[in-house]
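If you want the building blocks of each chain, they are given just below.
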Amino acid sequence: MRFKFAIPALLLEVIIIVLFGIFVEYDKESISDHLYPHFQDVHVMIFVGFGFLMTFLKKYGFSSVGINMLIAAFGLQWGTLMQGLWHMKAGKIHVNFKSIINADFSTATALISFGAVLGKTTPIQMLILTILEITIFACNEHLVTEIFEATDVGASMTIHAFGAYFGLAVALVLYRPGLNNKHENDESTYHSDLFAMIGSLFLWLFWPSFNSAIAPDASSQRIAIINTYYSLAACTIITFALSSLVDQRGKFSMVLIQNATLAGGVAVGTCADLPIHPFLAMCIGIIAGIVSVLGFHFLTPVLASKLHIQDTCGVHNLHGLPGILGGIAGIIVTAVKGGTRDIPFTPGKQAAALGSTLGIALAGGALTGAILKLPFLGQVSDQHCFDDSVYWEVPEEENAHEIHSNNPDEHSRFEAAV
Amino acid sequence: MRFKFAIPALLLEVIIIVLFGIFVEYDKESISDHLYPHFQDVHVMIFVGFGFLMTFLKKYGFSSVGINMLIAAFGLQWGTLMQGLWHMKAGKIHVNFKSIINADFSTATALISFGAVLGKTTPIQMLILTILEITIFACNEHLVTEIFEATDVGASMTIHAFGAYFGLAVALVLYRPGLNNKHENDESTYHSDLFAMIGSLFLWLFWPSFNSAIAPDASSQRIAIINTYYSLAACTIITFALSSLVDQRGKFSMVLIQNATLAGGVAVGTCADLPIHPFLAMCIGIIAGIVSVLGFHFLTPVLASKLHIQDTCGVHNLHGLPGILGGIAGIIVTAVKGGTRDIPFTPGKQAAALGSTLGIALAGGALTGAILKLPFLGQVSDQHCFDDSVYWEVPEEENAHEIHSNNPDEHSRFEAAV
Amino acid sequence: MRFKFAIPALLLEVIIIVLFGIFVEYDKESISDHLYPHFQDVHVMIFVGFGFLMTFLKKYGFSSVGINMLIAAFGLQWGTLMQGLWHMKAGKIHVNFKSIINADFSTATALISFGAVLGKTTPIQMLILTILEITIFACNEHLVTEIFEATDVGASMTIHAFGAYFGLAVALVLYRPGLNNKHENDESTYHSDLFAMIGSLFLWLFWPSFNSAIAPDASSQRIAIINTYYSLAACTIITFALSSLVDQRGKFSMVLIQNATLAGGVAVGTCADLPIHPFLAMCIGIIAGIVSVLGFHFLTPVLASKLHIQDTCGVHNLHGLPGILGGIAGIIVTAVKGGTRDIPFTPGKQAAALGSTLGIALAGGALTGAILKLPFLGQVSDQHCFDDSVYWEVPEEENAHEIHSNNPDEHSRFEAAV
């Protein structure tokens, strides 16, 4: 893999820098300077939140947090260009704090898709996925916000549903029958679950910033923060209750606490900045929690066995279904209250935005999956899935110890002495 | 435990949402919009700070960070209602960033009490404790700030001392003679202590935001931040020095570094926003460090053996004693400099605030402990204290490995082959 | 070590508090109030970033994050005094948010030097180093900014190069021939590398705040943030590519991902707030990544074997070389564009700043190393290097388990039964 990764990665970075040299300028206006704290929160979500959330696998922590960093650092450069192309002034992309928030946002789509295929792809495959997905995302986002003029301030549709269904389509194309029986490394350890809670909590805590970062004014921003805050809180209680209820012995499941507690942030995204009332935000959060828990418990196994979609992190339940729920909430809210000064959006355009997002994500993901399957890119074998040591220098001692204490020769030595 | 937790939790959430529907509105004023960065810091303290600080126990990390999240997510909703009831306008609670800071604050009381009984209660007991404690806290806080008109900007009294003595009273009522000999799970591992340092550091770092978040103006806020910054720094040096001094071999103790370094933030809270001079703030920090280290080293064992108060995390030394110290500092400062335009508070009212807080906390905690002891709620057995596997699906492999390598049958197999 | 650490530490803290009482006042102006979010980001970098970055060693995590906290909490007090002495008004040091940012900054020098000698010094040696280094740093910084009037907004020279070469000079004086063969504890474990990623990511994420915190106005601040954001992103891709390229099997190295990805933040520091164009910032980031990876891979072993400089964390590659690169970039940028209203700096003064920084750092470090070698201070033996248990109460159980399962007597017992 030495040259297979390094040479294309170096080439891509050179191309990006040349494009930056040609197209990118500082924005001289101070119009988004007040968004810096929001940006920093989103930045932490992308690198620490997404990165550590995926460290739950026992032997895939380096890749989770490391390749997450690679995708995000690469994607934010590519996203700056792809999103900037739609908003050029005099042939230049002017970057300010809103641009870098949007650049970080665009990487979230690739990171969500990474969750669907976690443990089953190579780093170079992920770079290609990132390029394709962010390019398609930028087009769909333009379609949703500029052509359909739909609202989606927290990006339930354009990021969460998009990233999830794109990733699921990739996972379908890259289906591995050899993983139908649970892979021995496809599970967590006690400490890997605690690392994952670091990611989960920073996502949970800064989600109000995510949903409000690009709200049009201070009042909308305040509403988005408050709605997201209460939606997440309500969703969390429901997740704990249902996690206990769906388990035969009534025990909580770390998978659910790490993931389904966040569904309330996803689902309230589309109408987060609309004055829907905290009460309604909490109702959305509760439905999201129910959908997400049931999805993890009942749907994910069926997707894998019947539809051949192996979704490592269950992104369908954290981003996919709650993202659709967010889109539907947007349709209902605009149908009931839309067309006023407060809410100048229409249900038809919201529905078009949701439909286009799902269609483009599925088609784009299938296409991307087909490209990632090209033989010259190489594939990791089923046996080496979910294993850092394929791509990383991994410290030996823990394995050494394990081998040591289970080594029959070790015992033989003593027995021979007898 | 399947229905015993899930059904009451679902019911409580439904009740809360109905109350939100009836009483809660967005605040349309932008008066507290500038507090958003402060809010985010406090939010991190509550969920990451408190949550990870308690992960030091070797087999109770899931519960520490998980049940902490449950309590906080539930408590912030309940706290919004309980605190809002005292400040309704036209029958409505108007939520803004100050409200959600206060909602997060109110959960801190329950989380501090959680530290006192950590490992010895069930999730449903903790939900009941949260409801009762936040309700009583909101009444006491109203008494302190509105009736006594005392100052307590960083809540040394109303949150820290209150939460600690409430929790200690609960622990006294729930006394378990079976735990008098140290439980084998009531200790840390190397990595669990590192996880706890994540919590400790985020508390330490964001404490200036905690103590300044609800200061009345920008100048008070600046003073509160600077006082807390230097108080914590001085307290930290003293903690390291005394930690070495009280140990026979001169070694540092992780328990002290994780906890006593924070006492300076607690103790400077009451007069944090008063112009007491950084010098005095540092003196308060030093005294807090001394009191806290000595408390952990000498008092906690005595409390357990003589007074039957088993304080798992030593909240008495981190929140209780330093909270009282903060209250006393408030009395002294107002006695010396009070009644002026700079410091319009009086020592009598400060003393009344401290006394009422301690009395109400102890009585409320004792009452709550009695309720938690009701037989139908169920109790975890002494043997299963400090053990996640009672409430959580815990990954098997580590135990499996341990059993494996110690399993005589394993060896027998080889010996049979001989 | 009981009194050897505690008594001097207590004495030093008393002296500092007396000096605070005499010299320090609140700044009554609100001029730096808007910098609070920047301060909090820097604060997280110092305590969580630096602290956890060094937890990669398998048995030195307590010391890494704990002694880091000790140095930083002590250093920020000392730094307030040392930096304040150069800017007194009417005999008083007026502290505001800019002061506490600078106080945190000054500790970074000692923390960088700590990285060079990590595992090989005692806590009291580190306190002495902190006093000396921050004192010398404050003088050099005054020279660079006030006398030479050079620009160094992100402190590539005055903090990063200074801290690195100071630490390397100390390491040279404290050279330990006994460590020429790799010490068995001088390596990481799987989980210690994940803890280190927490530190690395928080440094990476908040570096834009570090480089912009003391920029002169909002526009410079915006430019510094954007330059740093893109420089780090470009540096990260290069680091991944080269990490794979320099490894024979093409595998990524955690050491490089944790460290060299940050070099872009260091190197862009000196001219971060100048309108050099994002393109140029990215080029600086790329060169920094190349220099840093090659430094870790080829230079560090040579420094240890030929020059007798044992640099535990490789600070030469993360802070030293990229810091010099930043200084050189400053010289080139001012040579090409300097002397205008946008960039009122000259290459000669920039070169003088770089030269004085390196010279003073090396001389100061050598002097400090000589002082730390004084016999009455004591030294840790080679055998006990990189081992927490010398200074900390360390939980026993993990070692116990290891001993247990490898214990021949254990097996003998079963064999006897045969």
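Note that this is a predicted model, so its numbers are computed, not measured.

S.K.: Mind showing me how you'd approach a nonpolar patch on the surface here?
M.R.: Residues Phe3(A), Ile7(A) and Leu11(A) make up a contiguous nonpolar surface patch of about 310 Å² in total accessible area. The exposure class of Leu11(A) is exposed, given its relative accessible area of 52%.

S.K.: Explain the relation of the copies chain A and chain C here, please?
M.R.: Of the two same-sequence chains, chain A is brought onto chain C (RMSD 0.0 Å, axial shift 0.0 Å) by a rotation of 120°. The operation mapping one copy onto its partner corresponds to a three-fold rotation axis. Each copy contacts the other with its own distinct surface, as only 13% of the interface residues of chain A are interface residues in chain C too.

S.K.: What exactly am I supposed to notice about the relation of the copies chain B and chain C here?
M.R.: Two chain copies, one operation linking them: a rotation about an axis together with a shift along it. Between chain B and chain C, the superposition needs a rotation of 120° and an axial shift of 0.0 Å, giving an RMSD of 0.0 Å. When you check the interface residues of chain B against chain C, a mere 16% turn up at the interface there too, and the two sides of the contact use different surfaces.

S.K.: I would appreciate a short explanation of the interface of chain B and chain C in the present structure.
M.R.: Many descriptions give the size of an interface as the accessible area lost when the pieces come together. Taken together, the 63 residues of chain B in the interface contact 75 residues of chain C. Between chain B and chain C the total buried area reaches about 6,000 Å² when both faces are included, carbon and sulfur atoms providing 74% of it. Across the chain B-chain C interface, the total number found is one salt bridge. Residues Arg222(B) and Asp33(C) are paired through a salt bridge, measuring 2.7 Å at the closest nitrogen-oxygen approach. Residue assignment for the side of chain B that touches chain C shows that the elements contributing at least two residues are helix 2 (36–53), helix 7 (190–212), helix 8 (218–246), helix 9 (254–259), helix 11 (278–306), helix 14 (397–406) and helix 15 (408–417) of chain B. Examining the composition of the side of chain B that touches chain C, we find that 18 residues originate from one element, helix 8 of chain B, more than from any other. Its residues assigned to classes, the side of chain B that touches chain C comprises 38 nonpolar, 17 polar and eight charged.

S.K.: Can you walk me through the packing of helix 7 (residues 190–212) of chain A against helix 3 (residues 61–85) of chain B in this structure?
M.R.: Helix packing geometry: the angle between the two helix axes and the distance between the axes. In the contact formed by helix 7 of chain A and helix 3 of chain B, the axes pass within 9 Å of each other and the chain directions differ by 20°. Judged by the angle between their axes, helix 7 of chain A and helix 3 of chain B are roughly parallel. For the crossing formed where helix 7 of chain A meets helix 3 of chain B, the hand is left-handed. Between helix 7 of chain A, through Tyr190(A), Asp193(A), Leu194(A), Met197(A), Leu201(A) and Trp204(A), and helix 3 of chain B, the contact on the second element is made entirely by Gly61(B), Phe62(B), Val65(B), Met69(B), Ala73(B) and Leu76(B). Along the lines of polarity and charge, the residues of the contact of helix 7 of chain A with helix 3 of chain B split into 10 nonpolar, one polar and one charged.

S.K.: Where do I start with the side chain of Thr270(C) in this structure?
M.R.: Residues and elements named next belong to chain C. Tracing the chain through its elements places Thr270 in the loop between helix 10 (263–267) and helix 11 (278–305). Taking relative accessible area as the criterion, Thr270 reaches 0% and is therefore assigned buried. Ignoring sequence-local partners within four residues, the contact set of Thr270 consists of Thr151, Asp152, Val153, Ser156, Met157, Gly326, Gly327, Gly330 and Gln350.

S.K.: Explain the environment of Gly21(B) here, please?
M.R.: You can see Gly21(B) is positioned in helix 1 (residues 2–23). Not counting chain neighbours up to four residues away, the residues in contact with Gly21(B) comprise His277(A), Phe279(A) and Lys92(B).

S.K.: What's the story with the interface of chain A and chain C in this structure? I'm lost.
M.R.: With 75 residues of chain A at the interface, the matching set in chain C holds 63 residues. For the pair chain A and chain C, the summed buried surface comes to about 6,000 Å²; carbon and sulfur atoms form 74% of the total. Of all residues in chain A, Arg2(A), Tyr26(A) and Met69(A) give up the largest surface area on contact with chain C, accounting jointly for 13% of the area buried on that side. On the surface where chain A and chain C come into contact, there are one salt bridge.

S.K.: Sorry if this is basic, but what is going on with the UniProt feature "domain: Ammonium transporter AmtB-like" (unreviewed entry) in chain A here?
M.R.: Under the local residue numbering, the UniProt record ascribes the feature "domain: Ammonium transporter AmtB-like" (unreviewed entry) to residues 28–375 of chain A. Secondary structure content for residues 28–375 of chain A is 71% helix and 1% strand, while the C-alpha to C-alpha distance between its ends is 47 Å.

S.K.: Can you help me understand the environment of Gly51(C) in this one?
M.R.: Residues and elements named next belong to chain C. Examined against the element boundaries, Gly51 turns out to sit in helix 2 (residues 36–53). Classification of Gly51 as buried rests on a relative accessible area of 0%. For the pair Gly51 and Phe23, spaced 28 residues apart in sequence, the C-alpha to C-alpha distance is 30 Å. In this structure, Gly51 is in contact with Ile46, Ser64, Val65 and Asn68, ignoring residues within four places of it in sequence.

S.K.: Even after reading the chapter, I still don't get the side chain of Ser192(A), so can you show me in this structure?
M.R.: All names here are of chain A. Looking at the element boundaries, Ser192 is found in helix 7. According to the relative accessible area criterion, Ser192 is buried, its value standing at 2%. Among the polar contacts listed, one links the side chain of Ser192 to the backbone oxygen of Phe56, at a separation of 2.6 Å.

S.K.: Any chance you could explain helix 4 (residues 97–117) of chain C here in plain terms?
M.R.: Each full turn of the α-helix corresponds to 3.6 residues, which orients residues three or four apart in the same direction. Residues and elements named next belong to chain C. The terminal C-alpha atoms of helix 4, which comprises 21 residues, lie 31 Å apart, in line with the 30 Å expected from a rise of 1.5 Å per residue. By the criterion of burial, helix 4 is predominantly enclosed, with 20 of the 21 residues buried. The positive-phi residue at the C-terminal boundary of helix 4 is Gly119, with phi of around 90°.

S.K.: How should I be thinking about the pattern of salt bridges in this particular structure?
M.R.: When charged atoms on two side chains of opposite charge get close, those side chains can pair. All names here are of chain A. If you walk through the whole model with that rule in mind, you get 16 salt bridges over all chains. In this structure, Glu149 and Lys349 form a salt bridge, with 3.4 Å as the shortest nitrogen-oxygen distance. Here Lys349 lies in helix 13 (residues 347–372) and Glu149 lies in the loop between helix 5 (123–147) and helix 6 (156–173), a separation of 200 residues in the sequence. Residue Lys349 is classed as partly exposed on the basis of its relative accessible area, which comes to 36%. Ionic pairing is found between Asp382 and Arg176, a salt bridge with its closest N-O pair at 2.6 Å. Of this pair, Asp382 sits in the loop between helix 13 and helix 14 (397–406) while Arg176 is found in the loop between helix 6 and helix 7, placing the two residues 206 residues apart along the sequence.

S.K.: I'm lost on helix 3 of chain B in this one. Help?
M.R.: All names here are of chain B. Over its 25 residues, helix 3 runs 35 Å from end to end, which matches the ideal 36 Å to within 8%, given 1.5 Å per residue. Leu76 marks where helix 3 bends most, by close to 25°. With respect to burial, helix 3 is a largely interior element, 24 of its 25 residues being buried.

S.K.: It is not clear to me how the environment of Ala138(B) should be interpreted in this structure. Could you clarify?
M.R.: Residues and elements named next belong to chain B. Its place among the elements puts Ala138 in helix 5 (residues 123–147). The class of Ala138 is buried, set by a relative accessible area of 2%. Along the primary structure Ala138 and Leu85 are separated by 53 residues, whereas in three dimensions their C-alpha atoms are 9.1 Å apart. Contacts of Ala138, omitting those with residues within four sequence positions, involve Met82, Gln83 and Trp86.

About the cut-offs
- Positions within a chain are numbered from 1, following the residues in the order the chain's sequence is written.
- As they are written, the chains are lettered A onward and the ligands numbered 1 onward, keeping that order.
- Only residues with pLDDT of 70 or above have their local features reported here, since the model is predicted, and side-chain atom pairs are shown and tallied only from 80 upward, although totals for entire chains, interfaces and linings are computed over all residues.
- With hydrogens and water set aside, each side-chain value is computed from the structure's full complement of heavy atoms.
- Patch definition: residues above 30% relative accessible area lacking any salt bridge, with like charges linked at up to 9 Å and the nonpolar side chains Val, Leu, Ile, Met, Phe, Trp and Tyr linked at up to 5 Å.
- Here the Shrake-Rupley method, with its probe set to 1.4 Å, supplies the accessible areas, and only the displayed protein chains count as covering residues.
- The salt bridge criterion pairs a side-chain nitrogen of Lys or Arg with a carboxyl oxygen of Asp or Glu, the two atoms within 4 Å.
- A 1.4 Å probe rolled over the protein chains alone gives each residue an accessible area, and that area as a share of the maximum for its type sets the label: buried under 20%, exposed over 50%, partly exposed in between.
- A least-squares fit on C-alpha atoms brings the copies together, and the residues used are those whose pLDDT is at least 70 in both copies.
- Between two residues, a contact is recorded if the distance between any of their heavy atoms is within 4.5 Å.
- By buried area we mean how much accessible surface two parts lose on assembly, using a 1.4 Å probe and totalling the loss over both.
- What counts as a helix is a DSSP run of H or I of at least four residues, what counts as a strand is a run of E of at least two, and both are numbered from the N terminus.
- We call Asp, Glu, Lys and Arg charged. Ala, Val, Leu, Ile, Met, Phe, Trp, Tyr, Cys and Pro are nonpolar, and the rest, Gly among them, are polar.
- Each axis is a line fitted through C-alpha atoms, taken for helices only over the stretch in contact, and angles between the N-to-C directions span 0 to 180 degrees.
- Throughout this description, any angle smaller than 35 degrees is read as roughly parallel, any larger than 145 degrees as roughly antiparallel, any in the 65 to 115 degree range as roughly perpendicular, and the remainder as oblique.
- Two helices crossing with the near one rotated counterclockwise from the far one by less than a right angle form a left-handed crossing, whereas a clockwise rotation gives a right-handed crossing.
- UniProt positions are given in the numbering used here, feature names are shortened, and annotations may be inferred rather than shown by experiment.
- Each polar contact in these results corresponds to two N or O atoms within 3.5 Å; when the atoms are within protein, one needs to be able to donate a hydrogen and the other to accept it, and residues that are neighboring in sequence are counted only if both atoms are side-chain atoms.
- Every helix has an expected span of 1.5 Å times one less than the residues it contains.
- Working definition for bend: take the seven residues up to and ending at a residue and the seven starting at it, fit an axis to each, and measure the angle between the axes.

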